[in-house]
Amino acid sequence: MQSQLFDVAIIGGGPAGLNAALVLGRARKNVIVIDEGRPRNAVTRESHGFLTRDGIQPGEFRRIAREEISAYPSVSFMDDTAVSIAGTDAQFQIKTAQGTVFTSKKILFAVGMKDRPMDIPGLAEVYGKSAFVCPYCDGWELRDQPLVIINKGAELMHFAPLISGWTNQFTICTNGPDELSDDQREELRRRRVPLFESPIRSIDSIDGAVRQVVLEDGTDIPCAGIFFKPELVTGSDLPRAIGCRLTETGMIVVDEFGKTNVPGVYSVGDAASRLHQAISAASMGAFAAAAMNNELNLEAWKQHG
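This write-up is about the structure you can find in this document. Quantities reported herein were computed from a predicted structural model and do not represent experimental measurements.

Parameters and conventions
Residues numbered from 1 in each chain as written. Predicted model: local features only at pLDDT ≥ 70, side-chain atom pairs only at ≥ 80, totals over all residues. Heavy atoms only, no water. Helix = DSSP H or I, 4+ residues; strand = E, 2+ residues; numbered from the N terminus. Buried < 20%, exposed > 50% of the residue type's maximum accessible area, 1.4 Å probe, protein only. Axes fitted to C-alpha atoms, helices over the stretch in contact; angles between N-to-C directions. Left-handed = near helix turned anticlockwise from the far one by under 90°. Contact = heavy atoms within 4.5 Å. Nonpolar A, V, L, I, M, F, W, Y, C, P; charged D, E, K, R; others polar. Pairing = 2+ DSSP bridges. Expected span 1.5 Å × (residues − 1). Salt bridge = Lys/Arg side-chain N within 4 Å of Asp/Glu carboxyl O.

This brings us to the overall build of the chain. For the chain, the helix and strand inventory stands at 8 helices and 17 strands. Overall, the C-alpha framework of the chain stretches about 70 × 35 × 35 Å when taken along its three principal axes. Relative to its 305 residues, the chain shows a buried fraction of 48%.

Turning our eyes to something else, we now look at the packing of helix 1 (residues 15–26) against helix 8 (residues 278–303). Where helix 1 contacts helix 8, the axes come no closer than 7 Å and their chain directions differ by 35°. Crossing of helix 1 against helix 8: the hand is right-handed. From helix 1, Pro15, Ala16, Asn19, Ala20, Val23 and Leu24 reach across to helix 8, where they touch Ala278, Ala281, Ala282, Ser283, Gly285, Ala286, Ala289, Ala290 and Asn293. Grouping the constituent residues of the contact of helix 1 with helix 8 by class yields 11 nonpolar, 4 polar and no charged.

This part takes up the pairing of strand 4 (residues 82–88). Two elements, strand 4 and strand 5 (residues 91–96), share 6 bridges in a ladder whose sense is antiparallel. Directly across from Gly87, in strand 5, lies its bridge partner Phe92. With antiparallel pairing between neighbouring strands as the criterion, strand 4 and strand 5 make up a hairpin whose turn holds 2 residues, including Ala90 at a positive phi of roughly 80°.

This part takes up the sheet that holds strand 13 (residues 209–215). An order of 12-13-14 is seen for the 3 strands of this open sheet, with the pairing classed as antiparallel. Two strands close off the open sheet at either side, each with one partner strand: strand 12 (200–206) and strand 14 (220–222). Averaged over all adjacent pairs, the angle separating strand axes in this sheet is 20°, with direction ignored.

Turning next to the sheet that holds strand 8 (residues 131–132). Across the sheet, which stays open at both edges, the 5 strands sit in the order 8-15-9-10-11 with parallel pairing between neighbours. Each end of this open sheet is capped by a strand with a single partner; those strands are strand 8 and strand 11 (195–196). Looking at chain direction, strand 9 (residues 147–150) and strand 15 (residues 225–228) are connected through 4 bridges and run parallel. Across the sheet, Ile150 pairs through a bridge with Phe228, a residue of strand 15.

Taking 1.5 Å of rise per residue, the 26 residues of helix 8 would be expected to cover 38 Å, and the 37 Å separating its terminal C-alpha atoms lies within 8% of that figure. Among all positions of helix 8, only Ala278, Ser280, Ala281, Ala282, Gly285, Ala288, Ala289, Ala291, Met292, Asn293, Glu295 and Leu296 are buried. Where helix 8 is buried, its residues contact strand 1 (5–11), helix 1, strand 6 (101–109) and strand 17 (265–267).

For Ala90, which is not a glycine, the phi torsion comes out positive at approximately 80°. Of the residues examined, Ala90 reaches a relative accessible area of 36% and is grouped as partly exposed.

Counted by the stated rule, this structure contains 18 salt bridges. Residue Asp7 pairs with Lys105 through a salt bridge whose shortest N-O separation is 3.3 Å. Linking Asp7 in strand 1 with Lys105 in strand 6, this pair joins segments that are 98 residues apart in sequence. Note that Arg66 is salt-bridged to Asp35, the shortest N-O span being 3.9 Å. Linking Arg66 in helix 2 (residues 58–69) with Asp35 in strand 2 (residues 31–35), this pair joins segments that are 31 residues apart in sequence. We classify Arg66 as partly exposed; its relative accessible area is 27%. Residue classification places Asp35 among the buried positions, given a relative accessible area of 10%. Through salt bridges with shared partners, a single network forms among Asp89, Lys106, Lys259, Glu295 and Glu299.

What follows is the structure, encoded as structure tokens:
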């Protein structure tokens, strides 16, 4: 493997990277998928919203995907972490944590996002069990239940109307200053949405099921579930290191086909989109794979013309 030249190195083995590998494998491209095996959704019991796979365990989704991709022998997998990338388009050198070095014509980042730990006692115990970040993924299971929303500012005023489609029984905890305007506070008051600015002291739960949120001012808020705004960082520093342009929030800037500003480098999935859903990530992977395949075919066509 050390001396082999790959057409595409896919860094990240989630839905985006796996679907890209499937499309590229069927296009007869030599592909290596490097996956460290620590997906963000590993904390969840079920993954939702993916047609034919609704409710599947994330690990089972990956197992099935790898099994299907194994039908295409030009795709191989490496359980490792890419730690450095050098070179330029058509001649990228990738080194992994285990010391493997190989060359690839193109790079596809499917590195996702990772949660930065939040300083809320008890949140880790319920995350992925009764505390979630996306109502499209987990709102159905908590429909019509009393919920606590941990959010603030402009994001809160987007999220409150959104969550109301699943339940009208929710309380907002901003865990500090709410960062709202007077008009926004009045809007919540008119809709009888309780709003608390007191910092969160703890989240009480039993076996992952949240029971109540306790505030520093002594307020206890019983609830059956929580939706919170996570603090996210890009799943790898490599895109920044090789010069990919990032937004202020750390998202990799791409065009409609996943192409970055660095020639030969693409990015897909959560690291390149605000819509963090498995089926959206897989769709992006398919688009980028087709674009990369076309690019590779055109380059070969011109080279041998």
